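Observations on chain architecture
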Amino acid sequence: MLVIFLLLSSVASAATLKVRVGAGTVEMDLESYVAAAVAGEASVLRSNEALKALAVAARTYAIYYRGRHASEGYDLCATTHCQRLDSGAVTARIQSAVEATFGELLWYQGRPAFAAYSRSCGGVTEDASAVWPELGAPYLRSRRDPYCPPDTWQWRADPVEVVKALLASQLHTPPRIRDIVITARTASGRARVLDLGRQPISATAFRFAIGRAFGWNLLRSDRYEVHNLLFQGSGEGHGVGLCQRGADQMGVDGRGYREILAFYYPGTAVGVSGRGLAWQRLAGETVALFTTRPEADRAVLEQAERELRAAVQRTNLPAPARVEVRLYPDVATFRDATGEPGTVAAYTVGSRIQIWNREALRHEMLHVVIEAQAKPGTPVWFREGLAGYLDGSGSAPRIAALVQRYGETTVLGWLKTGLPRNY
Ligand SMILES: [Zn+2]
Ligand SMILES: [Zn+2]
């Protein structure tokens, strides 16, 4: 009984990523998370195609790292450690870039790729092995970025302040710095090891110490030359993967987001699943069905329309103006895109259904109709139970008992009025 209930049930109000924000955690569905991450991480992007490319990268990054903070009780943090979120800064442009790439991930050999990205590569992207030696991601090799507009900076280090900054970050430093010399470089030519006069020090550790002490706008990347304590460099950030400035230029030049992603992550595929399947839209009367197999799934659109009409009839509630159904080709793809376990057949938010098992359409259409009418704050057990009661699966004994006592019309009416104090 429990198994059947789980298989048929969608958790209408549950979210898919547990995110640490400030001192607490919030649950976010993946697409809202992606919009907030694009808003938080994007430098000013003029091109909508670059925004779409960044949305796919941010979504893939989240799936790759989901559960990164599991030992602390959540999936991802909302800082640059994972991805910086800024829900308040989501614009209509960002929202449509996220919608246009709904559920799409970057795949490598059938698995979500490690979709690193940075603000500006300064003309040459960095090899992933320089930053994450254990990773082994052949799609993140250093390459020249001809699209990257010039992005140079310089910073003159004050030797006394540098010593203080290094000590504050608990790094070894000579008491006085006379000169800084690059003694080893990465595959892309960035500084890897510095000599400050005593022990060698990692260039990245040096940059982080300077950033923490004086802000991140001075020593912006490890791509520089240094003479007499004058740093002259280009780019911003680690430089691995998609370069936002280069991507933006590609978009301005008229290239599409798939082309942008193919340039920065060569050998990967963009799609809903590891097989590179893409969404196609089949439009019905009220339902729009997004499927990766339009030929095979045409009958599902008819089934969805039928179940929506049945749900309206059964509940006497009005149908929403539009219902969207995303039909995933298999449970693995559904799991990757929604984060729901394979024991859940579908996931419904408002009038948008995500589903892999078409058997669950009846139940989900009831949810759509119920959700459209439910007064804010109506408890999940009641909404979920109503759908379970009305779909005839006998999976909601609590609602069945209420109906026996008060009658179906009264119990359904509680959706709009809220539950009475004593029932
Ligand atoms: Zn984190
Ligand atoms: Zn670049």
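Computed from a predicted structure; not experimentally measured. (Residues numbered from 1 in each chain as written. Chains lettered and ligands numbered in written order. Predicted model: local features only at pLDDT ≥ 70, side-chain atom pairs only at ≥ 80, totals over all residues. Heavy atoms only, no water.)

Quick word on the overall build of the protein chain
Within the protein chain, the regular secondary structure consists of 15 helices and 19 strands. For the C-alpha atoms alone, the extent of the protein chain along its principal axes is close to 85 × 50 × 35 Å. Across the 423 residues in the protein chain, those meeting the buried criterion constitute 52%. Long-range contacts, defined as pairs at least 24 residues apart, comprise 64% of the intrachain contacts of the protein chain with a sequence gap of at least 6. Total accessible area computed for the protein chain in this model is approximately 19,400 Å², and 50% of it derives from carbon and sulfur atoms. (Helix = DSSP H or I, 4+ residues; strand = E, 2+ residues; numbered from the N terminus. Buried < 20%, exposed > 50% of the residue type's maximum accessible area, 1.4 Å probe, protein only. Contact = heavy atoms within 4.5 Å. Areas by Shrake-Rupley, 256 points an atom, 1.4 Å probe, with all protein chains shown as cover.)

Section: the coordination of the zinc ion (ligand 1)
Within the first shell, the zinc ion (ligand 1) binds the protein through His-69 (NE2), Cys-77 (SG), His-81 (ND1) and Cys-82 (SG), at distances of 2.0 to 2.3 Å. In this structure, the zinc ion (ligand 1) is surrounded by 4 donor atoms whose angles at the metal cover 102 to 115 degrees, and the resulting shape is tetrahedral. In the primary structure, the donors to the zinc ion (ligand 1) are separated according to the pattern H-x7-C-x3-H-C. (Donors = N, O, S within 2.8 Å, 3.2 Å for Na, K, Ca; no water. Tetrahedral: all angles 85-135°; square planar, octahedral: opposite > 155°, others 65-115°.)

Section: the environment of Ala-247
Mapping Ala-247 onto the fold places it in helix α8 (residues 244-252). The exposure class of Ala-247 is buried, given its relative accessible area of 1%. For Ala-247 and Arg-185, which are 62 residues apart along the polypeptide, the C-alpha to C-alpha distance reads 26 Å. Apart from the residues within four sequence positions on either side, Ala-247 is in contact with Ala-50, Leu-242, Ile-260 and Tyr-264.

Digging into the packing of aromatic side chains
The geometry of two aromatic rings is summed up by the distance between their centres and the angle between their planes. Enumeration according to the criterion identifies 20 aromatic pairs in this entry. Judged by centre distance (5.1 Å) and plane angle (75 degrees), the ring pair of Tyr-61 and Tyr-65 falls under edge-to-face. Separated by 4 residues within a single helix, Tyr-61 and Tyr-65 lie in helix α3 (residues 48-65), roughly one turn from each other. According to the relative accessible area criterion, Tyr-65 is buried, its value standing at 15%. Look at Tyr-328 and Phe-334: their rings are 5.8 Å apart centre to centre, the planes differ by 75 degrees, and that puts the pair in the edge-to-face class. Neither residue differs from the other here; Tyr-328 and Phe-334 are each classed as buried. One aromatic cluster is present, formed by Tyr-61, Tyr-64, Tyr-65, Phe-114, Tyr-117 and Trp-132 through successive ring pairs. Lying across the ring of Tyr-65, Arg-68 places its NZ or CZ 3.8 Å from the centre. Geometry around Phe-290 places Arg-326 over its ring, the cationic atom sitting 3.8 Å from the centre. (Phe/Tyr/Trp six-rings, centres within 6.5 Å; stacked < 30°, edge-to-face > 60°. Lys NZ or Arg CZ within 6 Å of the ring centre and 35° of its normal.)

Considerations on the coordination of the zinc ion (ligand 2)
The zinc ion (ligand 2) binds to the protein through Cys-121 (SG), Asp-145 (OD), Cys-148 (SG) and Cys-243 (SG), with metal-donor distances spanning 2.2 to 2.4 Å. Geometry at the zinc ion (ligand 2) is tetrahedral, judged from its 4 donor atoms and the angles of 99 to 123 degrees they form at the metal. If you list the donors of the zinc ion (ligand 2) from N- to C-terminus, the spacing comes out as C-x23-D-x2-C-x94-C. Here Cys-121, found in the loop between β6 (117-118) and α5 (128-131), pairs with Cys-243, found in strand β13 (residues 242-243); they are 122 residues apart in sequence, far enough to count as distant. A residue is classified by how much of its surface remains accessible, and Cys-121, at 0% relative accessible area, is buried.

Quick notes on the pattern of salt bridges
Applying the stated criterion across every chain, the model contains 16 salt bridges. In this structure, Arg-207 and Asp-222 form a salt bridge, with 2.7 Å as the shortest nitrogen-oxygen distance. In this pair, Arg-207 is assigned in helix α7 (residues 203-214) and Asp-222 in the loop between α7 and β11 (224-227), connecting sequence segments 15 residues apart. Under the relative-accessibility criterion, Arg-207 is labelled buried at 7%. Accessibility expressed as a relative area gives 6% for Asp-222, which makes it buried. A salt bridge links Glu-307 to Arg-362; its shortest N-O distance comes to 3.1 Å. (Salt bridge = Lys/Arg side-chain N within 4 Å of Asp/Glu carboxyl O.)

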